[in-house]
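Here's the letter readout for the chains.
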Amino acid sequence: MKALDQQADDFNSSIHFDSRMYRQDIKGSMAHAAMLAAKGIIGQDDADQIVAGLEAILQDIERGKLPIDLTAEDIHMFVEAELTKRIGDVGKRLHTARSRNDQVAVDIRLYLKEEAAEIIGLLRQLLEAIVTQAKAHKLTIMPGYTHLQRAQPITFAHHLLAYGMMFTRDISRIEDAVKRMNFSPLGSCALSGTTYDTDRQMTAKALGFDGICMNSIDGVSDRDFCVELLSAFATVMMHLSRFSEEVILWASWEFKFIELDDSYTTGSSIMPQKKNPDIAELVRGKTGRVYGDLMAMLTVLKGIPLAYNKDMQEDKESIFDAVDTVKQCLTVFTPMLATMKALPENMLTAAQKGFINATDLADYLTKKGIPFRTAYKQVGQIVAYCIEKNTVLEALTLEEYQSFHPMFEKDVFAAIDLQNCVQSRISAGGTNQISVEEQIKFIENKI
Ligand code: ARG
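Calculation rules
Residues numbered from 1 in each chain as written. Predicted model: local features only at pLDDT ≥ 70, side-chain atom pairs only at ≥ 80, totals over all residues. Heavy atoms only, no water. Helix = DSSP H or I, 4+ residues; strand = E, 2+ residues; numbered from the N terminus. Rg over C-alpha atoms; globule rule 2.2 N^0.38 Å. Buried < 20%, exposed > 50% of the residue type's maximum accessible area, 1.4 Å probe, protein only. Contact = heavy atoms within 4.5 Å. Areas by Shrake-Rupley, 256 points an atom, 1.4 Å probe, with all protein chains shown as cover. Lys, Arg positive; Asp, Glu negative; His and termini not counted. Charge placed at Lys NZ, Arg CZ, Asp CG, Glu CD. Pairing = 2+ DSSP bridges. Salt bridge = Lys/Arg side-chain N within 4 Å of Asp/Glu carboxyl O. Core = buried A, V, L, I, M, F, W, Y, C linked by side-chain atoms within 4.5 Å. Axes fitted to C-alpha atoms, helices over the stretch in contact; angles between N-to-C directions. Parallel < 35°, antiparallel > 145°, perpendicular 65-115°, else oblique. Left-handed = near helix turned anticlockwise from the far one by under 90°. Nonpolar A, V, L, I, M, F, W, Y, C, P; charged D, E, K, R; others polar. Expected span 1.5 Å × (residues − 1). Polar contact = N/O pair within 3.5 Å; in protein donor to acceptor, adjacent residues only side chain to side chain.

Caption draft 1: Spatial organisation of the overall build of the protein chain. Along its length, the protein chain carries 19 helices and 6 strands. For 447 residues, the compact-globule estimate of 2.2 N^0.38 gives 22 Å, and the protein chain exceeds it by more than 25% at 30 Å. Taken along the three principal axes of its C-alpha coordinates, the protein chain extends 100 × 55 × 40 Å. Looking at the 447 residues of the protein chain, the share that counts as buried comes to 50%. Sequence separation of at least 24 residues holds for 76% of the intrachain contacts in the protein chain that already meet a minimum separation of 6. Taken as a whole, the protein chain presents about 21500 Å² of accessible surface, with 54% of it coming from carbon and sulfur. Of the charged side chains in the protein chain, 48 are positive and 61 negative, and the gap between their average positions amounts to 3 Å.

Here it is, written out as structure tokens:
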């Protein structure tokens, strides 16, 4: 057979990105060799030599003593070639009853299990930062928005905890995907299994899987677990991006609800007054790449017949990029949030300006027996009056109120007091303090 053309060889090779799975590849091989010996497929002496050789390779790579040979086709070929170089022909027995197809399928699962755990850890740190900020702002009033128009008063804690709830679901989405991924394809071999009497349960157990993939073709062919994880990561990014967008708005002079710590903002090279929220903007921007990674994975998989096809080598760069990006973003977003300073006076001023207690005023009349729709109309007229007089609901006199409706009494001022408006939203999950404290407890349980 003719040697592969040099450029085709470079094109075919995956070592420059799959070398990051060297540890998982070596661990998988060690479990495989131990199983081969236990089943009498290779001698115990041979297995011992293989395992010791692999262990030495692992240590050498980890200590920087063994550089990865980038001319190898992939990490699987590199490790096997290195083993044979070190222990001779015995090393050639390792690939009995195995194929690179099940090898790569097991490596990527092991790798993603570790990365998923790390990302969950980072999400828990983010939840901690959210809870800490929320605890400090249980009584901090801010305007709640719909359509980015001031709508009703809420507390800053309640707003932050909404994101907290989203990130708790992100954690459970990742955990769910890992649960379904945690079955071992090792021993599926090329696609149809093997003529050797192997023990797949043994290797599955040794590698920490919950069981084995029941169909060898499925074991080597599907990457649905990558799709699921990518979808969960894309959702994390969507939440981070939305949160970032608000941080950017809040940090603007137009809002000035928060101040970002200097260590998480940048200056302008020309405008000395600028403090730019680059970190939040980049997190928002990087969301696009993770969405792209998900699309790439779905598209790579959609047309390939069973079982393994080389297209599937393209799974790695997408999932690696998504893992790296999500980790990077969480690593900077969390301390940015933790060091962010809320400016409650500015939030309150904004809350006082938008007639955000108009609903409460209508509720006041309704509770005195006026039908809600009638009260709603009446309050609309009062708001129009305030706008014309350039004043706010809190500043009207009782006489002015009574000129609109005789049922207004002195207690109207308490009814539209913003702190009362917030605390009297007593419905479960509302912005009142009891609900906020329940939410904090719920999230703390997830940390
Ligand atoms: N580098 C390959 C990949 O990532 C490993 C599997 C190769 N299998 C094969 N039959 N050529 O998919």
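Caption draft 2: How the structure looks around the pairing of strand E1 (residues 141-146). Here E1 runs beside strand E2 (residues 149-155); their pairing, made up of 6 bridges, is antiparallel. The residue of E2 that forms the bridge with Tyr 145 is Arg 150. If you look at the hairpin formed by E1 and E2, you'll find 2 residues sitting between the two strands, and His 147 has a positive phi there, around 55°.

Caption draft 3: Highlighting the pattern of salt bridges. Enumeration according to the criterion identifies 30 salt bridges in this entry. When the shortest N-O distance is used, the salt bridge between Arg 20 and Asp 324 registers 2.8 Å. Remark: Asp 324 occurs in helix H12 (residues 315-339) and Arg 20 occurs in the loop between helix H2 (15-18) and helix H3 (22-38); sequence separation between them is 304 residues. Relative accessible area serves as the criterion here: at 32%, Asp 324 is assigned to the partly exposed category. Note that Glu 409 is salt-bridged to Lys 368, the shortest N-O span being 2.7 Å. Note that Glu 409 is positioned in the loop between helix H16 (398-404) and helix H17 (412-415) and Lys 368 in the loop between helix H14 (358-367) and helix H15 (372-389), a separation of 41 residues in sequence. With a relative accessible area of 43%, Glu 409 lands in the partly exposed category. Overlapping salt bridges, with partners in common, bring together Asp 60, Glu 82, Lys 85 and Arg 86 in one network.

Caption draft 4: Molecular detail of the nonpolar core. With 77 residues, the main nonpolar core has Leu 112, Ile 174, Leu 240, Phe 243 and Ile 319 as its most contacted residues. It is helix H10 (residues 224-251) that provides the largest number of residues to this core, a total of 16 residues. The next biggest cluster of nonpolar side chains, apart from the first, holds 24 residues, and it includes Tyr 22, Ile 50, Ala 72 and Val 79.

Caption draft 5: Representation of the packing of H3 against helix H5 (residues 75-87) in the model. Relative to each other, H3 and H5 sit at 55°, their axes nearing to 10 Å. By the angle between their axes, H3 is oblique relative to H5. Once H3 is placed against H5, the crossing between them reads as right-handed. For the pair H3 and H5, the contacting residues are Tyr 22, Asp 25 and Ile 26 in the first and Ile 75, His 76 and Val 79 in the second. Residues that form the contact of H3 with H5 fall into these classes: 4 nonpolar, 1 polar and 1 charged.

Caption draft 6: Main features of H5. Compared with the 18 Å implied by 1.5 Å per residue over 13 residues, the 18 Å span of H5 between its first and last C-alpha is a close match. Of the residues making up H5, those classed as buried are Ile 75, His 76, Phe 78, Val 79, Glu 80, Glu 82, Leu 83 and Thr 84. Next to the buried residues of H5 lie H2, H3, helix H4 (44-62) and helix H6 (100-136). Backbone geometry just after H5 places Gly 88 at a positive phi near 75°.

Caption draft 7: Region of the structure containing unusual backbone geometry. The step from Leu 306 to Ala 307 runs through a cis peptide bond, and the omega angle for that step is 0°. Looking at the element boundaries, Ala 307 is found in the loop between helix H11 (278-302) and H12.

Caption draft 8: Broad picture of the side chain of Lys 316. By secondary structure assignment, the location of Lys 316 is in helix H12. At 2.8 Å, the side chain of Lys 316 and the side chain of Asp 315 are in polar contact. Apart from the residues within four sequence positions on either side, Lys 316 is in contact with Phe 17, Asp 18, Met 21, Val 104 and Ile 108.

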